[in-house]
Structure formats: structure tokens, C-alpha cells
Amino acid sequence: MQINVYLLLGFIILILSIAIALRNLFNINEKIDLNNKNDKSKKNEYDIIIVGAGLAGLTAAYEANKLTNNSLKILVLESSPNYGGNSINEIDGINILLNEKNEDKKIMRDNFSLFFNDSFEFGQYQGDTDLLTILVNKSHELLDFIFNDLKCENLKIIKSEGSSFPRTFISNYSNITTGKYLSDKLYEKLKNINSTKISFNSHFTDLLVNSDHTEVQGVKYTLYENNSAIKNISIQSKAVIISTGGYGSDFYSNESILNESLVQLYYFPTFTSKYTRGEGLKIARNKGADLIDLRFGEIYPTCFVNLKDRFNRHKIISHDKFRELGAIIINKRGKRFCDEMGPRRYVGQNILKNCDIVTDPKIIKQYEAFMIINEAIKKEFNEDEINKYINQGYLIRYNSFEDFAKSMNLSDYLDNIRKSINNYNQGYENKYDKFGKKNFPHKFKMKEKIYVSIVTPCTFHTLGGVKITYECEILNTKDRIIDGLFAAGEIIGGIHGIMAMQGNILTQSTVFGRLAAKYAVDYLKLD
């Protein structure tokens, strides 16, 4: 029987087509050509895409699920291998308006006006009053969110710098920050929701928008594996929430926002995560978003310098508690120069004024001071924590101030060190010294065992960001809404002014994370 050649050829082509289809189906993780421009996704594959899995992004994902009974398809993209972002390093706690009923009119209680005025004054009256009003008012709802929804138990309340009353909740754990504690709780909730996917090592590269940049349609990102890009992905969604944080580590790119708008901090080391590079801001700006207050940023006065890796631009914080318990700070001439327990801004400015710059081709503004504690402070702080810092190279143990001076080539200034210690101890007796210091928890002796760290001011918070409506919608440079595009967390500009009051950064992340989710869900209902 003669076989029809064309029939046979068609059959072979069919078999090959099926084989190729099966190969693609079972090899979806195979590396592909990164220049492939035909990687198209299904229309509205996700309802909401959230870019950034810090506290703001995790909060937005949780809230969107809560509002819709887990009925939405949500994708959370995170450029790092872990959740938490810069929030996990946030040591300041979270401010909440307790709004207690004041039955005794003679007793002052915290209230909206006090919280608002504290925050507005701390930012030197430069914050957006309407956004700040939202932050303060909505912070009261965080009581239910944190204690009932997230079941947080290990938090205590303190009065932090800038606050008139105790309103700052901080973690009770010595080795877990408040930001990490809250992020852990949120992640535990989200990982059990099947309709929500968190994709790590996923670098946000672009927004999908319509032709006139008035409506968002999805995102582009690059998936990494073992630090190598393996796939470019374009994926559509009905709404996008950008929660990529600030720009405190934005010194790696040619389009650095730090170098462009906050150049005085560009050459500083930083406390922020290496992923805090302002990528979300730059991508939003490229699509027409308006950016405001980019010139505002903060330094933290005392970040540890590890002599084994002295010029690593990413430092860790030496906690305020060191100074609160009586640590002294001297420069390389052995002189004290400030009230160590003063506000962060004051201490940082005095280090910049009175301490030497240690230069390096990559960092030209690392101002270094010595922070010194003794055995009494070590015991009061947390001996295990101190020993960890010693093992990591952040604290060095000396048997006396003389040994310290000899080791650090300060022997020529030993008389200055002795005079600084004597003056400090005189202040201890008088409860006052020439720097205005009034609290002296412990005396020092020249021949006692001491623990010394080198500290330097670092970039802490950046306060500029996208301009938003009061419903978290991102505005373009013509003050028009980019439909479907929302912002949450530190990427929002205008809230704080020149400085953020301690505890308000995590409040911003949670308040505006929840609001961005609410308004994104409302936007979906209009579709």
C-alpha cells in the first residue's frame, strides 16, 4: 500500500509540535535567552502585584487578603533572598496613638494633637500636614491589627526621642528588632494563603503601562538564581502597589538619587540594606511619577566600624542603649565633645564637627569616634550581646585606658583621655557638665577593664519619595493619578519633613501598607 507523502509529513510535524509543547511544559524553570521579547503573559494573571516584601509590602498583602477573604490572586516580588527588607533592621519601634479616655482632667494623656505636634515639630514643620494627619489618626487602628490580627505579645511600650508620652511599642527580644518581629508574624500568616505567592530573588525592572502612561497594566522583573539572571518576566495585573523602600544604598548606579538630590550623604556609609537602592522610585519616575522631598534624609550617629572590614559601606547600628547606659564618646585626640545621651541629630553633628575623616577611594566621609563602655555598662546592657559584638570584631576589650591608647596609637593624647575621664566623673558628682549632660549612670576608672568600639555616622532613613493622593495613588508630574498604581511604606515622600520622629517609620509602613491595600481593592471593584 502506497503511503501518502504529504500525510506522513503532516503526521511528523504534529508529533514534533506535541514534543516541543511537552518540553516547554515540564521545563518551565529552564534558563532562557534574556533578550527574548516574546515572553508574554495572560491578561490580568494577578489581581494585585506588590513590589517589595518589607513590612509595608507584607502588610499590604495581608490586608488585601483580609478584606477579600483570600479571594484575590496576589503576587509579592522581593529582590532579596528573604522577606523583611530594611524593616528588619529598624530598631526604633512603632508609634501608636493609644487615645486613652481621660477621666481625670488633671492628668495629661496622649492625644491626636500631641502626637501630631510632636511629629510635625520633629520634622521641623516641613511634613505634609494631611498625610501626617492620616498617619497619626490611623495609627490607633494598629492596636487591633498588631495585637488581635497578628497576635503579637512580646512588645513593651516606651517614650522615645521626640515623643511627649510613651507611645512607642518595641520588641521585648534583645536580638529581634520590632520590624523583624512584625515581619515574621506577617510572613507566617501569608505563607499559608494559597492564592498569594511571594517570589524572592525577583528584581523589579519596569512597569507595564498604557501608551500615555496614565494606567498601570503590570510589571517586568528578572528572576535570579545563585546571583545569576535566569529569566526576564512580564506579567500583567489590575493593580500594582510599590513598596520598595528608600534610597539609602543608592550609590551603585549612574542614576543615583542620593548623588542627585542628597549628595551630602552619598559618600557616607549606610545602615540600610544593600537592596535599598531606590529602584522603585526611579522606575516610577520613568513612567511619569512625581518625586518629592528627595533632599531629606537622616543619619544615625553611631554605627559600628569593624577594623577587619573597615570600609564596607554597609554598617550595623550600635544601639542607643549603649549611650543611654552611660557610654562615653571621644575623638582621636582623646577629648569628649558632646552629651552622649543627647538627640541623635545632635550627637551625629558633633561627631562630624569634632572627629577626623578616615579616607578611602570609595568612602570619603567616614568620620570615626571611639565609644567606650566599662564592666558595669556591659552587665547592665546584656553580657551575651556584648560578647557577640566582641566575637564579631565590633568591640575590643582592653585592661585599661592606657592599653587602649597604646593599641590605637593615642599615647600622645593619654593626658587628654585622663582629663576627659576626670571631667566626666566630676559631672557624675555634680549631675551636670559643660556639655549640658545631666545623667551619668556610671563612673569610669583609668585602670579598669573597658570595651571600645569605633563608631561613625551612617545614612539611616531617606524621607523623599513618590507624591501620592490621600488614597495612596501615585501622582504624575501633572498632578494626575496613574490609575491602578499605589504606594506603601518608605517610598512615599512628604510625610515627615526633614526628620522622622523615632517610631514613625514603622508606623508609616503599616498604616500606609494597610491603606494601599484597601484602596487597591476598591480600585478592583471599579474595574
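Fair warning: this is a prediction, and the values are worked out from it, not measured in the lab. Along each chain, residues carry numbers from 1 onward, in the same order as the chain's sequence is written. With pLDDT at 70 or above as the cut-off, local features in this predicted model cover only qualifying residues; side-chain atom pairs require 80 or more to be listed or tallied, and sums for whole chains, interfaces and linings still use all residues. Calculated side-chain values reflect all of the structure's heavy atoms, with hydrogen atoms and water omitted.

1. Considering the overall build of the chain
Think of it this way: any DSSP run of H or I at least four residues long counts as a helix, any run of E at least two long counts as a strand, and we number them from the N terminus. Each helix and strand counted, the chain has 16 helices and 21 strands in total. Burial status follows relative accessibility: with a 1.4 Å probe on protein chains alone, a residue under 20% of its type maximum counts as buried, one over 50% as exposed, and anything between as partly exposed. For the chain, the proportion of its 527 residues judged to be buried stands at 53%. Residue contacts are defined here by distance: any two heavy atoms, one from each residue, within 4.5 Å place the two residues in contact. Taking the contacts inside the chain whose residues are at least 6 apart along the sequence as the reference set, 73% of them involve residues at least 24 apart. Split by element, the accessible area of the chain, about 24,900 Å² in all, is 48% carbon and sulfur. In this description, accessible areas are obtained by the Shrake-Rupley approach with a 1.4 Å probe, and a residue is regarded as covered only by the protein chains that are shown.

2. A few points about the layout of surface pockets
Taken as a whole, the largest pocket spans an internal volume of roughly 1,400 Å³. For the lining of the largest pocket, the secondary structure elements donating two or more residues are strand 4 (155-158), strand 5 (168-171), helix 6 (178-190), strand 12 (316-317), helix 10 (320-324) and helix 13 (383-392). Side-chain classes follow a simple rule in which Ala, Val, Leu, Ile, Met, Phe, Trp, Tyr, Cys and Pro form the nonpolar group, Asp, Glu, Lys and Arg form the charged group, and the remainder, Gly included, forms the polar group. Considered class by class, the residues forming the lining of the largest pocket number 13 nonpolar, 17 polar and 15 charged. In the cavity and pocket records, a cavity denotes points on a 1 Å grid over the protein atoms alone where a 1.4 Å probe fits but cannot get out, a pocket denotes an open set with protein on both sides within 12 Å along at least 5 of 7 lines, and lining residues are residues with an atom within 4 Å of a point. Grid points are joined across faces, edges and corners, and a volume is the space filled by probe spheres set on the points.

3. Considerations on empty space enclosed by the protein
Counted according to the given criterion, the structure contains 1 cavity of 30 Å³ or more. Considering only enclosed or pocket space, the largest cavity measures out at about 40 Å³ in volume. Forming the walls of the largest cavity are Val305, Leu307, Gly393, Tyr394, Ile396, Met408, Val452, Ser453 and Ile454. The dominant element in the lining of the largest cavity, judged by the number of residues it contributes, is strand 18 (residues 450-462), at 3 residues. Classifying every residue of the lining of the largest cavity gives 7 nonpolar, 2 polar and no charged.

4. Quick word on the state of the cysteines
For the purposes of this analysis, a disulfide is any pair of cysteine sulfur atoms at a distance within 2.5 Å. A full pass over the atoms with the stated rule returns 0 disulfides. Cys458 provides the cysteine sulfur closest to Cys303, a residue in no disulfide bond, and the two sulfurs are 3.3 Å apart.

5. Here we look at the pattern of salt bridges
Salt bridges are identified by distance alone: a Lys or Arg side-chain nitrogen within 4 Å of an Asp or Glu carboxyl oxygen. This model, assessed by the stated rule, comprises 30 salt bridges. For Glu63, the salt bridge identified is with Arg514, shortest N-O distance 3.3 Å. Within this pair, whereas Glu63 is found in helix 2 (residues 55-68), its partner Arg514 is found in helix 16 (residues 504-526), the two being separated by 451 residues in sequence. Judged by relative accessible area, Glu63 falls into the buried class, the value being 6%. For Glu368, the salt bridge is made with Arg310, and the minimal N-O distance between the two is 2.6 Å.

6. Focus: the sheet that holds strand 5
Read across the open sheet, the 3 strands follow the order 3-5-4; overall the sheet is antiparallel. Edge positions in the open sheet fall to strand 3 (94-95) and strand 4, since each of these has one partner strand only. One requirement defines pairing of two strands: DSSP has to find at least two bridges between them.

7. Brief notes about the nonpolar core
Residues Ile48, Leu207, Val219, Phe401, Phe404 and Phe512 are the most contacted members of the largest nonpolar core, which totals 145 residues. Among the elements that line this core, the one with the most residues is helix 16, at 11 residues. Beyond its immediate sequence surroundings of up to four residues, Ile48 is in contact with Ala64, Leu72, Lys73, Ile74, Leu75, Ala239, Ile241, Ala520, Val521 and Leu524. Here the nonpolar core consists of buried residues drawn from Ala, Val, Leu, Ile, Met, Phe, Trp, Tyr and Cys, with membership extended through side-chain atoms lying within 4.5 Å. Core analysis: the next-biggest nonpolar cluster, separate from the first, contains 7 residues, Ile91, Phe271, Ile317 and Cys458 among them.

8. Some remarks on the pairing of strand 16 (residues 369-374)
Most of strand 16 sits inside the fold, with 6 of its 6 residues counted as buried. With burial as the criterion, each face of strand 16 is covered, one bearing Ala369, Met371 and Ile373 and the other bearing Phe370, Ile372 and Asn374. In this structure, strand 13 (residues 328-330) lies alongside strand 16, joined through 3 bridges in antiparallel fashion. Residue Ile328 lies in a different strand from strand 16, and its bridge partner there is Ile372.

9. Remarks on the packing of helix 2 against helix 6
Each axis is a line fitted through C-alpha atoms, taken for helices only over the stretch in contact, and angles between the N-to-C directions span 0 to 180 degrees. In the contact formed by helix 2 and helix 6, the axes pass within 10 Å of each other and the chain directions differ by 40°. Taken together, the axis directions place helix 2 and helix 6 in an arrangement best described as oblique. Judged by the sense of rotation from one axis to the other, the crossing of helix 2 with helix 6 is left-handed. Taking contact as the criterion, the partners of Leu55, Leu58, Thr59, Ala61, Tyr62 and Asn65 in helix 2 are, on helix 6, Leu182, Ser183, Leu186, Lys189 and Leu190. Note that the term roughly parallel is reserved for angles under 35 degrees, roughly antiparallel for angles over 145, roughly perpendicular for angles of 65 to 115, and oblique for everything else. For any pair of crossing helices, the crossing counts as left-handed if the nearer helix is rotated counterclockwise from the farther one by less than a right angle, and right-handed if it is rotated clockwise.

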